[in-house]
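Survey of secondary and tertiary structure
Below, each chain spelled out in residue letters.
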Amino acid sequence: VRSGRKSNLRSPAALLLMADLTDTPSGRKLRDVKAWESSGVPLSSTSDKAAKLLDMSAEMILGVFGDPFKYASDAADEDKDCAVPVCVMLWLLLLGSSGKRGDPKITELVTRMEEAAGARTHTPRELQLVDAFREMGLGHTEAALDRIEMAITYAPGDAVLLKLQNDVCYFLGQSHRMRDGVARALPFMDAATTPMYNYVLGMYAFALEECFDYERSLDMAGQALKLYVRDPWAIHAKAHVFEMQGKAGENRAFLEELREAWGDTNLRCHLHWHAGLSILDQGDLTASLNHYDTILAPHIGKLGVFALVDCTQFLQRMELDGVDVGTRWDAVAPGWMPHVGDHRLPFNDAHIALAACASSDTTLRATALDEMRKFLEDPTNQDTTSYMILSQIGLGLVKGFTAMREKRYAEAVACLLPIRYKMPLLGGSVAQRDIVALILLHAAILADDGYHKSLAKQIVNERAATGTKCQMVQRLMSKVQ
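Residues numbered from 1 in each chain as written. Predicted model: local features only at pLDDT ≥ 70, side-chain atom pairs only at ≥ 80, totals over all residues. Heavy atoms only, no water.

Right, let's talk about the overall build of the chain for a bit. Along its length, the chain carries 26 helices and zero strands. In terms of overall size, the chain behaves like a compact globule, its C-alpha atoms giving a radius of gyration of 22 Å where 481 residues would be expected to give roughly 23 Å. For the C-alpha atoms alone, the extent of the chain along its principal axes is close to 70 × 55 × 35 Å. Residue burial in the chain is summarised as follows: out of 481 residues, 59% are buried. In the chain, once contacts between residues fewer than 6 apart in sequence are set aside, the share between residues at least 24 apart is 65%. Counting every atom, the chain has about 18800 Å² of accessible surface; 53% of that belongs to carbon and sulfur. A gap of 4 Å separates the mean positions of the 52 positive and 61 negative side-chain charges of the chain. (Helix = DSSP H or I, 4+ residues; strand = E, 2+ residues; numbered from the N terminus. Rg over C-alpha atoms; globule rule 2.2 N^0.38 Å. Buried < 20%, exposed > 50% of the residue type's maximum accessible area, 1.4 Å probe, protein only. Contact = heavy atoms within 4.5 Å. Areas by Shrake-Rupley, 256 points an atom, 1.4 Å probe, with all protein chains shown as cover. Lys, Arg positive; Asp, Glu negative; His and termini not counted. Charge placed at Lys NZ, Arg CZ, Asp CG, Glu CD.)

The subject of this paragraph is helix 8 (residues 141–154). Its 14 residues place the ends of helix 8 21 Å apart at the C-alpha level, agreeing with the 20 Å of an ideal helix rising 1.5 Å per residue. Among the residues of helix 8, those classed as buried are Thr-141, Ala-144, Leu-145, Ile-148, Glu-149, Ala-151 and Ile-152. Looking down the long axis of helix 8, one finds its buried residues gathered within 155° of arc, a one-sided arrangement. Those residues of helix 8 that are exposed and aimed more than 90 degrees away from the buried face are Thr-153 and Tyr-154. Residues of helix 8 that are buried in the fold lie against helix 7 (124–137), helix 9 (159–172), helix 10 (175–185) and helix 22 (385–405). (Expected span 1.5 Å × (residues − 1). Arc of directions from axis to C-beta.)

The next thing to look at is the pattern of salt bridges. Should their charged atoms come close, side chains of opposite charge can pair. Tallied over the full model, the rule gives 30 salt bridges. For the salt bridge of Arg-28 with Asp-55, the shortest nitrogen-to-oxygen distance reads 2.7 Å. With a gap of 27 residues between them, Arg-28 in the loop between helix 1 (12–15) and helix 2 (33–38) and Asp-55 in helix 3 (residues 48–63) connect regions that are remote in the sequence. When salt bridges with common partners are traced through the structure, they connect Glu-142, Asp-146, Glu-149, Arg-177 and Arg-184 into a single cluster. (Salt bridge = Lys/Arg side-chain N within 4 Å of Asp/Glu carboxyl O.)

The predicted model of the chain averages 93 in pLDDT, with 95% of residues at 70 or higher. A low-confidence stretch, residues 1–9 stays under pLDDT 50, and its non-local contacts, those more than four residues away or across chains, total 19 contacts. (pLDDT = per-residue confidence, 0-100.)

Right, let's talk about the nonpolar core for a bit. Core analysis: the largest hydrophobic core is formed by 170 residues, its most contacted members being Met-113, Phe-133, Leu-164, Ile-235, Met-318, Leu-397 and Phe-401. Here this core gets 11 residues from one element, more than from any other, and that element is helix 24 (residues 430–447). (Core = buried A, V, L, I, M, F, W, Y, C linked by side-chain atoms within 4.5 Å.)

Let's shift gears to the side chain of Arg-433. When you line up the elements, Arg-433 lands in helix 24. Here Arg-433 occupies a buried position and makes no salt bridge, while the nearest side chain of opposite charge, Glu-210, is found at 4.6 Å. Beyond its immediate chain neighbours, meaning those up to four positions away, Arg-433 contacts Gly-173, Met-423, Pro-424, Leu-426, Gly-427 and Gly-428.

Interhelical geometry of helix 12 (residues 214–227) versus helix 13 (residues 232–245) gives an angle of 150° and a closest axis separation of 9 Å. It follows from the interaxial angle that helix 12 and helix 13 lie roughly antiparallel. Considering how the two elements wind past one another, helix 12 and helix 13 form a crossing that is left-handed. Residue-level inspection shows Tyr-214, Glu-215, Ser-217, Leu-218, Ala-221, Ala-224 and Leu-225 of helix 12 in contact with helix 13, the latter providing Ala-234, Ile-235, Ala-237, Lys-238, Val-241, Met-244 and Gln-245. Partitioning the contact of helix 12 with helix 13 into residue classes produces 10 nonpolar, two polar and two charged. (Axes fitted to C-alpha atoms, helices over the stretch in contact; angles between N-to-C directions. Parallel < 35°, antiparallel > 145°, perpendicular 65-115°, else oblique. Left-handed = near helix turned anticlockwise from the far one by under 90°. Nonpolar A, V, L, I, M, F, W, Y, C, P; charged D, E, K, R; others polar.)

Spelled out as structure tokens, the structure:
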């Protein structure tokens, strides 16, 4: 790593070997109860150990490393009458591994959270947080986001709550709300007094990128990395900018330069995905397949649904570029099937549909479609955010992906074209949602009649008009001439 930043490269893994709770990998002292209060974020706990365990969990969430659920769970055990650690556990379950509405584990934690909140006086900020996770447990993600933003109003310098707001906005596809959440809070913060300030800058960098404000995004990412080079979210934001601008060579060089900084974080598979997209854009199909086999695929089963998302995306993109991926889908699709009935995060539903439709086990396609229909036909789901989203785009996605797999290209276009501008509802990043647009575009090319050829050319024109230097766009342009 260049730029004189080696002193900032203490590995997160090293901290986990420490016997006592002292400081974080970034060098920040863990907060006891008094320090939480002096930072402007009072914690309703009587245990300094619980406070430090919770702070370590927070650092792991914002720094994307370690096992934050374990530390939050230990904090909850240390102080059973403090509701905040249980809120963090729910955060990691509901937005991490998903889970069906009524999942016993989630129900148990909601009950535990409410009991803790009732056993001791909590601050208004903490009670709003409890309300938020009560709503989220019921599938009311939009209502939960409202509560989270109310909580932030009480303590705008709370970087942890701001990360939660950003996470929920990400899964709701609300990029401008994500950006504005940070913009509202940032003037209340500074590097000298705000714990985890560097991560806030990294959050802002990503939110700005998702709103197509690339220059400001790069500036914020640069500021974050000057403060702490192991900020994977800032690295991630910069990789997104390079991806959107089509700067594949710069992206590969940047990620390789800072690989020591992100290679052992929980974001490593996703950043390898970004590196792989650059290899694929440069047209090196052999290297792309090798990248999948040797770097991405080994993360399956180790990083939960996040690795499944990256592998699903990359296999689909390789196929659209003409790569024969063989039976590789059969190692991905089974990992998704335990979540086929969750319908907690529509973002996951889309990737389940992609993997199920691609599997050699054709019964998985029927299962994905049947589960979607059952969810949408059950009136008890109609008050959930997922129902609001999937009722608009869910069946269209599954039917479109199925038609594409079965080479009914005109039908795939008919399914996907009417919902293309509703894709932000799906959640995820612009780059991740682009997979739907790419499938639509390739279906139009393969339909091979006058109408679809004209449609394909117009869609490619849209992409070229952004000014991207993406080599894939140039290849697509030659296909539709």
